Amino acid sequence: MQTEIEIKFFVTSDIQDSLSNFLNSLEIISSDQARLGNVYFDTPALDLRRLDMGLRIRRSDHFSEQTIKCRGQVVGGLHARPEYNAPIDGSLPTLSAFPAEIWPSPVVRDEIQSRLVAQFSTDFLRRHWLVAFDGALIELAWDRGEIVGALGRTEIDELELEIKSGEPAALFGLAEQLAALGGLRLGAQSKAQRGYRLAGLGKPLAVPPLPEAAEGKAGITAGLQHWQHHEQLWLEGDDAVRAPALQGMLQGCALVAGAAAALRPAPAWLPELLVQQRLLAEATGEAASLQTRLHDASLVGLQLAIAAWLHLNA
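About the cut-offs
Residues numbered from 1 in each chain as written. Predicted model: local features only at pLDDT ≥ 70, side-chain atom pairs only at ≥ 80, totals over all residues. Heavy atoms only, no water. Buried < 20%, exposed > 50% of the residue type's maximum accessible area, 1.4 Å probe, protein only. Helix = DSSP H or I, 4+ residues; strand = E, 2+ residues; numbered from the N terminus. Arc of directions from axis to C-beta. Contact = heavy atoms within 4.5 Å. Pairing = 2+ DSSP bridges. Phe/Tyr/Trp six-rings, centres within 6.5 Å; stacked < 30°, edge-to-face > 60°. Lys NZ or Arg CZ within 6 Å of the ring centre and 35° of its normal. Expected span 1.5 Å × (residues − 1).

K.L.:
If you had to explain helix α9 (residues 287-294) to someone new, which residues and values would you point to?
P.N.:
Residues of α9 that are buried: Leu290, Arg293 and Leu294. One side of α9 holds all its buried residues, which, seen down the axis, span an arc of 95°. Along α9, the residues that are exposed and aim more than 90 degrees away from the buried face are Ala288 and Thr292. In this structure, the buried side of α9 is in contact with β10 (184-186), α6 (216-236), α7 (239-261), α8 (270-282) and α10 (297-312).

K.L.:
Would you mind going over the pairing of strand β8 (residues 136-149) in detail, with residue names and values included?
P.N.:
Where strand β7 (residues 117-133) and β8 come together, 13 bridges link them in antiparallel fashion. Note that in β8 the partner of phenylalanine 124 across the bridge is glycine 145. Hairpin geometry of β7 and β8 is characterised by an intervening segment of two residues between the two adjacent antiparallel strands and by a positive phi of about 50° at aspartate 134. Hairpin connection of β8 to strand β9 (residues 152-165): two residues between the antiparallel strands.

K.L.:
Lay out the pairing of strand β4 (residues 64-69) with the relevant residues and their values.
P.N.:
Here six bridges tie strand β3 (residues 54-59) to β4, and the two strands are oriented antiparallel to one another. Note on β4: the bridge partner recorded for leucine 55 is isoleucine 68. Linking β3 back to β4 in an antiparallel pair, the connection comprises four residues.

K.L.:
Tell me about the packing of aromatic side chains, residues and numbers included.
P.N.:
Enumeration according to the criterion identifies three aromatic pairs in this entry. Judged by centre distance (4.8 Å) and plane angle (15°), the ring pair of tyrosine 40 and phenylalanine 120 falls under stacked. Highlighted residues: tyrosine 40 in strand β2 (residues 27-42) and phenylalanine 120 in strand β7, separated in sequence by 80 residues. Taking the relative accessible area as the measure of exposure, phenylalanine 120 reaches 4% and is therefore buried. Put simply, the rings of Tyr40, Phe120 and Tyr196 pair up and form one aromatic cluster. Above the face of the phenylalanine 10 ring, arginine 194 is positioned so that its terminal group lies 5.5 Å from the ring centre. Above the plane of the ring of tryptophan 234 lies arginine 242, whose end atom (NZ or CZ) is 3.8 Å from the centre.

K.L.:
Report on the environment of methionine 249, specifying residues and quantitative values.
P.N.:
The topology assignment puts methionine 249 in helix α7. Taking the C-alpha atoms as reference points, methionine 249 and glutamine 228, separated by 21 residues in sequence, lie 7.0 Å from one another. Apart from the residues lying within four places of it in its own chain, the contact partners of methionine 249 are Trp227, His230, Glu231, Trp234, Leu290 and Leu294.

K.L.:
Which residues make up α6, and what values do they have?
P.N.:
Counted at 1.5 Å a residue, the expected span for α6 with its 21 residues is 30 Å, and the 31 Å between its end C-alpha atoms agrees. Of all 21 residues that make up α6, 15 are buried, and the element is covered over most of its length.

In structure tokens:
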């Protein structure tokens, strides 16, 4: 087993030139690219989804591999999930190839196995670079392609940073420099989550209730998750949901700010949060203004700083 720790960005504008210049400033150990085809599986009743598991077969010209990802945590754009991989020859995953302890019981595992079907696919070109940065080895991957499901298809254009060795602080340090280039937004949704929705099997984005006020790290975590959920809802939703989505963003900011202000010492990012909170509130009158604000590098950098603080102060 390995615990995958990565930071995901959604690419929102043309970054080809700025990314090339950025890469030229780094110590690149190796680079490569591969066309990856992925098929995701579940039962018709979505038993794996209910267990918070994601199951896929990934193929390229050089390998075929089955992977299952188990329950993890997404805070900000940081994704941390236990992951198991095994080679495969056939067209259907073999669940007994994964450790027995990840399943509620062998009976449950075998019942799921008997009803597995393909649900959706993702196909993309992955360009990746292994970077030496602040004593760590970090893989930077740029995925461009599409997700295909029963309801249609949608674009994949993502940058992912995954730590291979070294301290997580280096991962955040590299991500901060990358975010400063602009044209990126932190991504809290995995390809699998987007695929389930495109297959008509995932829960639609909705306005959740305001979480109860909490202190310290718990309050900051809840507030950031509330903020980013409503940010995604605003960007994907129609005019009917945009007003409550904006209100949810501001509520999430307020929760983070309140919990952070009560700490001694307060986090270094708190003053910037108050500035961004004011700018978000001032952008409420025009959709174009708020759209620009949500993609601003300073806002992305703030969310990344909060996620880094949460992870490094665990």
